[in-house]
Amino acid sequence: MGSREHSHKKSAGGKGRRAPAFAHEAQAGRDPLESYAALIDLIDGHVARLVRAYGSRIACRRGCSACCILGTVNAIEAHVLIRAVRALPARVRASLGRRLERGGERPGCVLLSRGACLVYESRPVICRTHGYPVLADGAVDVCPLNFRGVEELAPSYVLDLERLNTALAAMDVRFRTLIDEPFFDQDRIPVSDLVERALSACPGCGSTSRRAKN
Ligand code: SF4
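Residues numbered from 1 in each chain as written. Predicted model: local features only at pLDDT ≥ 70, side-chain atom pairs only at ≥ 80, totals over all residues.

### Section: the overall build of the protein
Link 1 in the chain: Within the protein, the secondary structure is distributed over 6 helices and 9 strands.
Link 2 in the chain: Relative to its 214 residues, the protein shows a buried fraction of 30%.
Link 3 in the chain: A sequence separation of at least 24 residues applies to 84% of the contacts in the protein between residues at least 6 apart. (Helix = DSSP H or I, 4+ residues; strand = E, 2+ residues; numbered from the N terminus. Buried ≥ 20, exposed ≤ 12 C-beta atoms within 10 Å, placed from the backbone. Contact = placed C-beta atoms within 7 Å.)

The following block contains the structure:
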């Protein structure tokens, strides 16, 4: 993932409640990991409403991994994923390590195993929004497998991707200024690198210098 492939355009119309604007979650001064957790809650709440409204028109479910092609993430999401990988059962980590050693044998995200995400509860923002209606470059984008027969979506179900990415970028910048670790000092981190880090013995990577903690 990292780009929105498999996209399809819809229109958004009507009045009423708007989709989340992410202003509070991006507020300066908040702990970036708390802000990130709040952002995730907001997205999950939004998606839950969307699924309640359009459930039968949504194909995203366990078993569909068409968009599981995540290549890189930002630093704050790398940190969250590293913690999630480290929390996996030992046998799962061992099999992930073997998959990593085999390298580019298989296309797709290294965290995808038998059609399911190994770190589903901790998956990045893009994995939580992909396929659902997002406003991108002035148009509403959805997975073509979703919302078949629906021509127009209420604006309250359309996430503004630019606002979302701006909020996420602000958290990432704050996270990177707080964490004292060269690994996280990069704009994008390959998923294979963060998995390798999570699996390696790494005495110094269990904590960060100040508030952000591993
Ligand atoms: S992190 Fe999980 S949901 Fe996201 S692309 Fe990888 S396997 Fe799929």
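There is more to say, and it comes next.
### Quick notes on the site of the ligand
Link 1 in the chain: Within the structure, the ligand sits among 10 residues, and Cys 68, Leu 70, Cys 109, Cys 117 and Cys 127 are positioned closest to it.
Link 2 in the chain: When the residues that make up the shell around the ligand are grouped by side-chain class, the tally is 9 nonpolar, no polar and 1 charged. (Near = placed C-beta within 6 Å. Nonpolar A, V, L, I, M, F, W, Y, C, P; charged D, E, K, R; others polar.)

### Digging into helix α1 (residues 32-54)
Link 1 in the chain: The terminal C-alpha atoms of α1, which comprises 23 residues, lie 32 Å apart, in line with the 33 Å expected from a rise of 1.5 Å per residue.
Link 2 in the chain: Residues Pro 32, Leu 33, Ser 35, Tyr 36, Leu 39 and Leu 50 constitute the buried set of α1.
Link 3 in the chain: Buried positions along α1 lie against α2 (75-86) and α5 (161-178). (Expected span 1.5 Å × (residues − 1).)

### Some details on the pairing of strand β6 (residues 139-142)
Link 1 in the chain: Bridging between strand β5 (residues 134-136) and β6 involves 3 bridges; their strand directions are antiparallel. From the neighbouring strand, Ala 136 faces β6, where its bridge partner is Ala 139.
Link 2 in the chain: Connecting β5 to the antiparallel partner β6 that follows it, the hairpin turn spans 2 residues, and Asp 137 within it adopts a positive phi of roughly 50°. (Pairing = 2+ DSSP bridges.)

### Digging into the nonpolar core
Nonpolar side chains in soluble globular proteins tend to end up buried together.
Link 1 in the chain: Formed by 44 residues in total, the largest nonpolar core has its most connected members in Ala 78, Leu 81, Val 191, Leu 194 and Val 195.
Link 2 in the chain: Listing elements by their share of this core, those giving two or more residues are α1, α2, α4 (125-129), β6, α5 and α6 (191-199).
Link 3 in the chain: For this core, the leading source of residues is α2, giving 7 residues.
Link 4 in the chain: Not counting residues up to four positions away in its chain, the partners in contact with Ala 78 are Val 73, Phe 184, Ile 189 and Leu 194. (Core = buried A, V, L, I, M, F, W, Y, C linked by C-beta atoms within 7 Å.)

### Remarks on the packing of α2 against α6
Link 1 in the chain: Direction vectors running N to C along α2 and α6 enclose 45°, while the axes themselves pass 9 Å from each other. It follows that α2 is oblique to α6 by the angle criterion. The interaxial crossing formed by α2 with α6 has right-handed handedness. Across from Ala 78, Leu 81, Ile 82, Val 85 and Arg 86 in α2, the residues of α6 making contact are Leu 194, Val 195, Arg 197, Ala 198 and Leu 199.
Link 2 in the chain: Class assignment for the residues of the contact of α2 with α6 results in 8 nonpolar, no polar and 2 charged. (Axes fitted to C-alpha atoms, helices over the stretch in contact; angles between N-to-C directions. Parallel < 35°, antiparallel > 145°, perpendicular 65-115°, else oblique. Left-handed = near helix turned anticlockwise from the far one by under 90°.)

### Some words on the environment of Ser 113
Link 1 in the chain: In this fold, Ser 113 is placed in strand β3 (residues 112-113).
Link 2 in the chain: On the basis of neighbour counts, which here come to 14 C-beta atoms within 10 Å, the residue Ser 113 falls in the partly exposed class.
Link 3 in the chain: Along the chain, Ser 113 and Arg 99 lie 14 residues apart, while their C-alpha atoms are 9.8 Å from each other.

### Re unusual backbone geometry
Link 1 in the chain: Positive phi, close to 50°, is recorded for Asp 137, a residue that is not glycine.
Link 2 in the chain: Secondary-structure assignment places Asp 137 in the loop between β5 and β6.
Link 3 in the chain: A tally of 7 C-beta atoms within 10 Å means that Asp 137 is categorised as exposed.
Link 4 in the chain: If you check the backbone angles, Phe 147 has positive phi at about 60° while not being a glycine.
Link 5 in the chain: By the secondary structure assignment, Phe 147 is in the loop between β6 and β7 (152-153).

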